[in-house]
Amino acid sequence: MKIGRNDPCWCGSGKKYKSCHCANDEKMEKLKSMGELVPTQDMLKTPEQIEGVKKAAVINTAVLDYISDFMKPGVTGDQIDKLVYEKTTELGGICAPYQYEGYPYHVCTSVNSQVCHGFPTEELVLKEGDIINVDCTTILDGYFADASRMFCIGEVSAERKKLVDVVKECCDLGLAAVKPWGHMGDVGAAICEHAHKNGYKVVREIGGHGVGCEFHEDPWVGYNTRPGTEIVLVPGMMFTIEPMVNAGGQEIFIDKDNGWEAYTADGSDSAQWEYQVLVTEDGCEVIAR
Ligand code: MF3
Ligand code: CO
Ligand code: CO
């Protein structure tokens, strides 16, 4: 089905195709014929979808801001779960993790050697010196916002503080590498270069993802990549930058009893930050963090 140059653009902008997505579509066709991996049309968010996701992101950001005041010694996982659930609901959103593929809580709380998908249980009691990732995903009107932050509980060791800070730097460097008509591999390259320089390893098995109209969309995003590889970044693509970085070895394992909680194999610490980004015509925009 070919759109005429004077027809309305497929993105619903109301503009004629020739003055909207036509040039980008032609550029993608050309790159594809040269053997590049390019996004499918459903990986490109329309203006309406972008607006919807941004509204979900306002809530997600407010929830992360809200819980940050509670990240203190003695706070329990079930308290964090309740805070996230209540604030999200109060603001009109839905917690995407709850019952997502059977996930039993409203938020993921991953402490110290937990890599991701940690359960916010009542047995989890934050103590001085812990580092914790809190990962919130909000649904509003069917649109998804996904971001996570690290918190240091009281005074933490210099090693843990460094890990937390370096992984944030990794995400910022990855963000700076997001350029229209660049490659996804540029993002991972910036991330793993900085991680390796600091003696850390980037987890291979779990990565980022397209996001916006679903919780997890294509493409899957790995961060152990080389520049100029992977899918071409096209304006309208929305995905997460969320490397899991281990202070020790790269290996991880998943708790066999619950099938969710991931840990470093050697018990070393792991940290993660998550940004949701949109590729734009002249760079990128952070949608949530
Ligand atoms: N929020 C996580 C991510 O960044 C996914 C958590 S899935 C859940 O992709 F089911 F555990 F919530
Ligand atoms: Co994510
Ligand atoms: Co997340």
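Residues numbered from 1 in each chain as written. Chains lettered and ligands numbered in written order. Predicted model: local features only at pLDDT ≥ 70, side-chain atom pairs only at ≥ 80, totals over all residues. Heavy atoms only, no water.

A.B. asks: Honestly, helix α5 (residues 184-197) in this entry has me stumped. Any pointers?
C.D. replies: Every α-helix carries 3.6 residues per turn, so stepping three or four residues along brings you back to the same face. Compared with the 20 Å implied by 1.5 Å per residue over 14 residues, the 20 Å span of α5 between its first and last C-alpha is a close match. The buried fraction of α5 amounts to ten of the 14 residues, a majority that puts the element mostly inside the structure. Contact partners of the buried residues in α5: α4 (158-176), β6 (201-202), β8 (217-221), β9 (238-241) and β10 (244-246). Immediately beyond the C-terminal end of α5, within one or two residues, lies Gly199, with a positive phi of roughly 85 degrees. (Helix = DSSP H or I, 4+ residues; strand = E, 2+ residues; numbered from the N terminus. Expected span 1.5 Å × (residues − 1). Buried < 20%, exposed > 50% of the residue type's maximum accessible area, 1.4 Å probe, protein only. Contact = heavy atoms within 4.5 Å.)

A.B. asks: It is not clear to me how the packing of α4 against α5 should be interpreted in this structure. Could you clarify?
C.D. replies: The description of two helices packed together rests on the angle between their axes and the distance between the axes. Interhelical geometry of α4 versus α5 gives an angle of 155 degrees and a closest axis separation of 8 Å. One finds that α4 runs roughly antiparallel with respect to α5. The hand of the α4/α5 crossing is right-handed. Note on element contacts: α5 touches α4 through Val187, Ala190, Ile191, His194 and Ala195, opposite Val166, Glu169, Cys170, Leu173 and Gly174. Of the residues assigned to the contact of α4 with α5, the class counts are seven nonpolar, two polar and one charged. (Axes fitted to C-alpha atoms, helices over the stretch in contact; angles between N-to-C directions. Parallel < 35°, antiparallel > 145°, perpendicular 65-115°, else oblique. Left-handed = near helix turned anticlockwise from the far one by under 90°. Nonpolar A, V, L, I, M, F, W, Y, C, P; charged D, E, K, R; others polar.)

A.B. asks: Explain the nonpolar core to me, please; I cannot follow it from the model alone.
C.D. replies: Buried together is how nonpolar side chains tend to be arranged in soluble globular proteins. In this structure, Leu233, Phe239 and Ile241 are the most contacted members of the largest nonpolar core, which totals 38 residues. Looking at this core, the elements that each hand over two or more residues are α1 (22-33), α4, α5, β9 and β14 (275-280). If one sorts the elements of this core by residue count, α4 sits on top with seven residues. Core analysis: the next-biggest nonpolar cluster, separate from the first, contains 36 residues, Leu126, Ile132, Cys136 and Tyr143 among them. (Core = buried A, V, L, I, M, F, W, Y, C linked by side-chain atoms within 4.5 Å.)

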